[in-house]
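Below are the chains, spelled out letter by letter.
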Amino acid sequence: MRTMSVLIILILVVAAIVVWAVGLYNQLVKKKNHVEDGWSGIDVQLKRRYDLIPNLVKVVKQYAKHEAETLENVIQLRNQAKQADTPQQQIKQEQKLSHALSGLMVQVEAYPDLKANTNFLDLQQQLQQIETDIQYARRYYNGAVREYNTLVQSFPSNIIAQKYDFKEAEYFEIEDPAHAENPDVAFD
């Protein structure tokens, strides 16, 4: 009778541990899915920006023929960002593209006719809205990454995370301080 009680208690303890481990595993899966959902939101906004860039460059080219190098650089960075294989590669390329786009917008200031062009104004407004949407999507993504990484790093969930190969996610942030600064553009 006593061995039966010990066996029942042992079975209950093992069952409790299994339920606890399954709960932690499910939390990890849920948080990882939030990270992937957050990245998907960023990806949608980035694709909108990719689609807008050729139109913006086309309008600017009509007015600023001697700025061809800057325009080609923007297109090249756009293409590199679109071809990135991982979120980490895309984050790095996006930082470069964002910096190039802000430099292009600074150069546009030298062309009053361009700044008054309704097509350009519309494209510029769309780009500003997309940049705002990217910022919101990035905040959501980084929040999801923070929650997920906290779970991956915290005890005792880190045991389950290691066992089932849950890796920390990377934040979408500006790594190069030069990209956070306003570009300095001189006109000759």
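An account of the accompanying structure is given in this report. (Residues numbered from 1 in each chain as written. Predicted model: local features only at pLDDT ≥ 70, side-chain atom pairs only at ≥ 80, totals over all residues. Heavy atoms only, no water.)

## What about the overall build of the protein?
Formally: Put simply, DSSP H or I for four residues or longer makes a helix, DSSP E for two residues or longer makes a strand, and each gets a number counted from the N terminus. Here the globule rule reads 2.2 Å times residues to the power 0.38, and the radius of gyration is calculated from C-alpha atoms. Residue burial is assigned from relative accessible area. The probe radius is 1.4 Å, only protein chains are included, and a residue is buried under 20% of its type maximum, exposed over 50%, and partly exposed in between.
When helices and strands are counted, the protein shows 7 helices and 0 strands. Of the regular secondary structure in the protein, the N- to C-terminal order runs α-α-α-α-α-α-α. For 188 residues, the compact-globule formula gives about 16 Å, and the C-alpha radius of gyration of the protein, at 25 Å, lies well above that figure. With the C-alpha coordinates of the protein rotated into their principal frame, the extents come out at 95 × 30 × 25 Å. Going through the 188 residues of the protein one by one, you find that 36% of them count as buried.

## So, the pattern of salt bridges
The test is simple: Every case where a carboxyl oxygen of Asp or Glu lies within 4 Å of a side-chain nitrogen of Lys or Arg is listed as a salt bridge.
Taken as a whole and assessed by the stated rule, the structure comprises 7 salt bridges. Here Asp-43 makes a salt bridge to Lys-47, at a shortest N to O gap of 2.6 Å. One end of the pair, Asp-43, and the other, Lys-47, are both in helix α1 (residues 2-63), 4 residues apart, so they sit about a helical turn from each other. You can call Lys-47 partly exposed: its relative accessible area is 43%. Arg-49 is the partner of Glu-131 in a salt bridge, and the nearest nitrogen-oxygen pair spans 2.7 Å. With Glu-131 in helix α5 (residues 118-153) and Arg-49 in helix α1, this pair connects stretches of sequence that are 82 residues apart.

## Observations concerning a nonpolar patch on the surface
Test applied: Two joining distances apply to patches: 9 Å for like charges and 5 Å for nonpolar side chains (Val, Leu, Ile, Met, Phe, Trp, Tyr), and every residue must have over 30% relative accessible area and no salt bridge. Residue burial considers only the protein chains on display, and all accessible areas are found by Shrake-Rupley using a 1.4 Å probe.
Taken together, the side chains of Met-4, Leu-7, Ile-8, Leu-10, Ile-11, Leu-12, Val-14, Val-18 and Val-22 make up a nonpolar region of the molecular surface, amounting to roughly 830 Å² of accessible area. Mapped onto the fold, Met-4 is located in helix α1.

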